[in-house]
Amino acid sequence: MVLLPTLPTESSSPSLDLPSESKGTAQKFAALRSQLAKHKLDAYFVPSADEHLNEYLPEAKQRRQWISGFTGSAGDFLISTDKAWVFVDSRYYEQADMQVDENLQKVCKVGLEDHQTVEEVLEDLGQKASAQLQTLRLGIDPFTITVAQYRRFYAQLSASGVEIVPVLENLVDAVRSQSPFAESESIPTFGDQPVISLPESITGESVAKKLERVREAMGKKKAAILPVTKLDQIAWLYNLRGRDVECNPVFISYAIVTKTEAYLFTNTSRIDEAVRQALAGQVQILDYEQYIPILRSLVAEHKNVLVAIAQTTYGTYLQLKAVKAKTIDAEHPVETFKAHKNAVEIAQMQQANLKASLAKTLTLKWIEEQIDASNSISERDVANKIEGLYKQQEGFYDLSFPTIAGAGANGSIVHYSNPNPACKLLNGELLLLDSGSQFYGGTTDDTRSLSIGTPTEEQRDRYTEVLKSHINCAMQKFPKGTTGSQIDGIARSSMWQSGLDFGHGTGHGVGVFLNVHEGPNGISKRVNQSLDLGTINSIEPGYYKPKWGGIRLENLYFVKEVKKQESESSQESDPNAIPWYEFESLTYIPFDKKLIDRHKLNPQQIAWLESYYAAVVEKLSPMLSDAETVWLKQACSF
């Protein structure tokens, strides 16, 4: 899965660009500009993230979405006294054009020529202010940007006459809290859903052991205090899960770890006795509002604080500096440990993804049967089918993101995730089906594109190119220390030879019964983190053409060590040899054989696909009826 937007359902070509909504947006802008005047600001920056740096947000924290009308899961908003901008990457180009009123705000398609980044726009504004012997005052909510982002802003903008002004009151919240918005679009409650404790049989490691490892890492950096901001880090560290964020089993909270104590700050009224017993003697449970006061008091006793600049808000950093903390920049140990799955977590992910593979495979069979019977089915019908099959599986907890079922031209909208009951699957078109689930113990995410009826030669060619990219990446062996950016280039190489590419990363990290997007690992030109043993990554190359459709082929894989051959094992081992790694699939779903041009695959790619299909049949057949097994074997022949 590449992203998690929400699109409207009224038509097969989604658009939020309606007159009434434009009027509402203009009214919101006017109210926000009044807040700028109140705080003596010239501009205000609204990022996607909230106080916990979430990619996925509770509705109450969807500030950028609320103020701009753009609902993509990533992208930033900037407003000045007379202009406004939305900044999106290539995954959101089409969606932003559909949702943003160009008369009110400019869509900046970052990465395209003649389209500026937010820093470049601010530089221009600052230089214009400097030319008038003035300073451009840029307001930010310091709890919604990281320390790293603040430092980038400061380094790039200070010379251009831009003064960054932290404003503790979030100005979008201020607008939402005033009339008429407080009555018509009141801020929903949040942070009140139940929290559960996971047993060690699911997590593979106790809270005590995790805290021991974290404290050991802190000691190596001579740090006495570790603030924890991100919700998936807290959930992993304390073996807890929640439902405060749709599709993400996390809960609104902060945490602090010291040499001898551990704290959890959350809505304590929803913490039951079972959770309290699970954390007893190890973690103090306090009210959410106590995070800053306790952090400041701890610094008075122990000055050295580990700050992961990409995982910590600038707001927390300002609080630390206010009490003269000595900050130590380092990688966040929880983020690192969470990414390296233990044997129990890998086993849980194998079980969960096998259930999801069964559901997706049966959905593909159902779609084929409906088309062969000339039954009319819609995007929403497909989404309902896959979601219903997920729910039938033992241990189902939730979806891991809203299902993406894009038929025809909608498949090119990478963020398309509100399947339309009015959009039917039509002969000659493609369907892109990207879906995932949360099971008690594991998270899933997989994508298949399929042809409706007889595919065209162009569809077969593009599909085969995407499949070749997937296979090349999946079968690649690599030495320890290889980064995600290196593997990304390998995955794209064959498509580049054909003059093709895709705008998103080749893959992302995935949590275990946690967020479907997880760092620090991934496969992308921007990821310099190594693909370490036990990390889980998606491989999902794609091809997208506006008004034509889209193709994406996604499996999840975990990184394991390459087994030595017997001949190698019998020889004297080299003490300086570097370990070699490879990917093993967690996903077992057939590809669409109608779209595969076997003649364009080389012998190695054919061998990989045949081996993969043998595994698909072996793993799924025991869960299928005889008739379903016959269908699966036919689907796995090409």
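This is a predicted model, so every value here is computed, not measured. (Residues numbered from 1 in each chain as written. Predicted model: local features only at pLDDT ≥ 70, side-chain atom pairs only at ≥ 80, totals over all residues. Heavy atoms only, no water.)

Colleague: An account of the overall build of the protein is needed here, citing residue identities and associated values.
Modeller: Across its full length, the protein holds 21 helices and 28 strands. If you line up the protein on its principal axes, its C-alpha atoms span 70 × 65 × 50 Å. Across the 638 residues in the protein, those meeting the buried criterion constitute 58%. Taking the contacts inside the protein whose residues are at least 6 apart along the sequence as the reference set, 72% of them involve residues at least 24 apart. Separation of charge centres in the protein, based on 65 positive and 80 negative side chains, amounts to 3 Å. (Helix = DSSP H or I, 4+ residues; strand = E, 2+ residues; numbered from the N terminus. Buried < 20%, exposed > 50% of the residue type's maximum accessible area, 1.4 Å probe, protein only. Contact = heavy atoms within 4.5 Å. Lys, Arg positive; Asp, Glu negative; His and termini not counted. Charge placed at Lys NZ, Arg CZ, Asp CG, Glu CD.)

Colleague: Account for the domain arrangement of the protein, with residues named and values stated.
Modeller: Entries for the protein in the domain assignment read domain 1 (20-184), domain 2 (196-331) and domain 3 (343-563 + 577-602). Inter-centroid distance (C-alpha atoms) of domain 2 to domain 3 is 34 Å. Facing the 19 residues of domain 2 at the interface are 17 residues of domain 3. Overall, the association of domain 2 and domain 3 removes approximately 1,500 Å² of surface from exposure, summing both partners, and the carbon and sulfur fraction of that is 56%. Our count for the domain 2 to domain 3 interface comes out at zero salt bridges. There are six residue pairs in polar contact (both at pLDDT 80 or more) connecting domain 2 and domain 3. For the side of domain 2 that touches domain 3, the elements supplying multiple residues, two or more each, are strand E7 (196-197), helix H8 (200-203) and helix H10 (231-237). If one sorts the elements of the side of domain 2 that touches domain 3 by residue count, H8 sits on top with four residues. (Domains from an automatic or database assignment. Buried area = accessible area lost by both parts, 1.4 Å probe. Salt bridge = Lys/Arg side-chain N within 4 Å of Asp/Glu carboxyl O. Polar contact = N/O pair within 3.5 Å; in protein donor to acceptor, adjacent residues only side chain to side chain.)

Colleague: Outline the environment of Asp50, listing residues and values.
Modeller: On the secondary structure map, Asp50 appears in the loop between strand E1 (43-46) and helix H2 (63-68). Residues Asp50 and Val512, 462 residues apart in the sequence, show an inter-C-alpha distance of 23 Å. Sequence-distant contacts of Asp50, that is, excluding residues within four places in its chain, are made with Leu57, Pro58, Lys61, Arg63, Phe143 and Thr144. Among the polar contacts listed, one links the side chain of Asp50 to the backbone nitrogen of His52, at a separation of 2.9 Å.

Colleague: Before we move on, can you summarise the pairing of strand E14 (residues 326-329) with the specific residues and values?
Modeller: With four bridges connecting them, strand E13 (residues 304-307) and E14 associate as parallel partners. Each residue of the ladder has a partner; that of Leu306, found in E14, is Ile328. Considered for its hand, the β-α-β crossover made up of E13, helix H13 (residues 314-322) and E14 is right-handed. (Pairing = 2+ DSSP bridges. Right-handed = clockwise from strand over helix to strand, strands pointing away.)

Colleague: I'd like to hear about the pattern of salt bridges, residue by residue, with values.
Modeller: Scanning the entire structure with this criterion turns up 31 salt bridges. Between Asp173 and Arg63 there is a salt bridge, with the nearest N and O atoms lying 2.8 Å from each other. Taken together, the positions of Asp173 in helix H6 (residues 171-176) and Arg63 in helix H2 put the pair 110 residues apart, joining distant regions of the chain. With respect to class, Asp173 is no different from Arg63; both count as buried. Three or more residues are tied together by salt bridges with common partners; here these are Asp232, Glu335, Lys338, Lys341 and Glu518.

Colleague: Describe the packing of aromatic side chains, and please don't skip the residues or the numbers.
Modeller: Tallied over the entire structure, the rule returns 24 aromatic pairs. Measuring from centroid to centroid gives 5.0 Å for Tyr397 and Phe513, while their planes differ by 85°, and the two rings are edge-to-face. A residue pair is termed long-range when its members are at least 10 positions apart, and Tyr397 in strand E15 (residues 396-399) and Phe513 in the loop between strand E22 (507-509) and strand E23 (518-523) qualify at 116 residues. Geometrically, the ring pair formed by Tyr612 and Tyr613 is tilted, given 6.2 Å between the ring centres and 40° between the ring planes. Chaining the aromatic ring pairs together yields one cluster made of Tyr588, Phe591, Trp608, Tyr612, Tyr613 and Phe638. Taking NZ or CZ as reference, Lys28 lies 4.1 Å from the ring centre of Trp66, over its face. Over the aromatic face of Phe591 sits the side chain of Arg448, whose NZ or CZ is 4.1 Å from the ring centroid. (Phe/Tyr/Trp six-rings, centres within 6.5 Å; stacked < 30°, edge-to-face > 60°. Lys NZ or Arg CZ within 6 Å of the ring centre and 35° of its normal.)

Colleague: With reference to specific residues and values, describe helix H15 (residues 343-372).
Modeller: Compared with the 44 Å implied by 1.5 Å per residue over 30 residues, the 43 Å span of H15 between its first and last C-alpha is a close match. Residue Asn342 occupies the N-cap position of H15, its side-chain oxygen lying 3.1 Å from the main-chain nitrogen of Val344. Among the residues trailing H15, Ser374 stands out with phi positive, at a value near 60°. (Expected span 1.5 Å × (residues − 1).)

Colleague: Provide a residue-level description of the packing of helix H17 (residues 457-474) against helix H18 (residues 484-497), including the pertinent values.
Modeller: The interhelical angle for the contact between H17 and H18, taken along N-to-C directions, is 150°, at an axis separation of 8 Å. Regarding the angle of H17 to H18, the classification is roughly antiparallel. The element H17 and its partner H18 pack so that their crossing is right-handed. Seen from H17, the contacting residues are Glu465, Val466, Lys468, Ser469, Asn472 and Cys473; seen from H18, they are Ile487, Ile490, Ala491, Arg492, Ser494 and Met495. Taken together, the residues that form the contact of H17 with H18 break down as six nonpolar, three polar and three charged. (Axes fitted to C-alpha atoms, helices over the stretch in contact; angles between N-to-C directions. Parallel < 35°, antiparallel > 145°, perpendicular 65-115°, else oblique. Left-handed = near helix turned anticlockwise from the far one by under 90°. Nonpolar A, V, L, I, M, F, W, Y, C, P; charged D, E, K, R; others polar.)

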